[in-house]
Amino acid sequence: MDDVEITDVNDDGSPYQVEKAPLKNQDLSSISVTVGELVSQYGWYLLVVTVLVYLLIQHLSKRRSSQSSRSSPPQTPQDAVLVARRQEAMEAARRKMQEELDAKASIFREKQKQQEEEKRKQKIEIWECMQQGKSYKGTAQPSQATGEASSSTTVLKPKADKKPLRGADYNPLTGQGGGSCSWRPGRRGPSSGG
């Protein structure tokens, strides 16, 4: 066969033929490609930035609303009178509470003084009894001494109907005497029979 050479010639004179499709809304397609590339490369960063902007807007709106509520109109004379009455009432309540506290404190101090005086008298009595060679408990508190003697006799008397908690033969080291778990020594000799 003969060698045949095939060449295509276009209008512009180049040997290659390129099919050109009609363009459909070129502006939107280039934007969608650009947005797709940005989202695929920086998606997480965009999400974080969006959340931060949202939180910043919320914070600023709260701050603005709190500032607007703070800047209220100036107080009227009626409000000033009301505030003065409240302060006077609070001061009167404080004075009343302080007087009650002072009264309780004075009562407490009187009780403390009485107790100290009683302790001092008891110490003097004890000292005098010891100087005379007597037992200070016997002379200082005779009514309590008789009460202690009668109670000591009742303490020494054992109860007849008292039941023992365990039997006399109970020994916790043997493992006998009840209970669901007990220790048994292992068998002697080989573990398997043969």
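If you're wondering where the values come from, they're calculated on a predicted model, not measured in any experiment.

## Some points on the overall build of the protein
For step 1, the next point in the chain: Assigned secondary structure in the protein consists of four helices and zero strands.
For step 2, the next point in the chain: The helix and strand sequence of the protein, counted from the amino end, reads α-α-α-α.
For step 3, the next point in the chain: Within the structure as shown, the protein displays about 19800 Å² of accessible surface, and the carbon and sulfur contribution to it stands at 56%.

## Considering the UniProt feature "transmembrane region" (unreviewed entry) in the protein
For step 1, the next point in the chain: In the numbering adopted here, UniProt assigns the feature "transmembrane region" (unreviewed entry) to residues 42–60.
For step 2, the next point in the chain: Helix makes up 100% of residues 42–60 and strand makes up 0%, while its end C-alpha atoms are separated by 27 Å.

## Some thoughts on the pattern of salt bridges
For step 1, the next point in the chain: All told, the structure shown has two salt bridges when counted by the stated rule.
For step 2, the next point in the chain: For glutamate 91, the salt bridge is made with arginine 94, and the minimal N-O distance between the two is 3.8 Å. Highlighted residues: glutamate 91 and arginine 94, both in helix 2 (residues 77–132), separated by three residues, approximately one helical turn.

## Observations regarding the packing of aromatic side chains
For step 1, the next point in the chain: Taken as a whole, this structure holds one aromatic pair when the rule is applied.
For step 2, the next point in the chain: Consider the rings of tyrosine 42 and tyrosine 45, whose centres lie 6.4 Å apart with planes at 50°: the pair is tilted. Remark: tyrosine 45 and tyrosine 42 occur in helix 1 (residues 26–70); sequence separation between them is three residues, near one turn of the helix.
For step 3, the next point in the chain: Relative accessible area serves as the criterion here: at 41%, tyrosine 42 is assigned to the partly exposed category.

Scoring rules and cut-offs
Residues numbered from 1 in each chain as written. Predicted model: local features only at pLDDT ≥ 70, side-chain atom pairs only at ≥ 80, totals over all residues. Heavy atoms only, no water. Helix = DSSP H or I, 4+ residues; strand = E, 2+ residues; numbered from the N terminus. Areas by Shrake-Rupley, 256 points an atom, 1.4 Å probe, with all protein chains shown as cover. UniProt positions renumbered as here; feature names shortened; annotations may be inferred. Salt bridge = Lys/Arg side-chain N within 4 Å of Asp/Glu carboxyl O. Phe/Tyr/Trp six-rings, centres within 6.5 Å; stacked < 30°, edge-to-face > 60°. Buried < 20%, exposed > 50% of the residue type's maximum accessible area, 1.4 Å probe, protein only.

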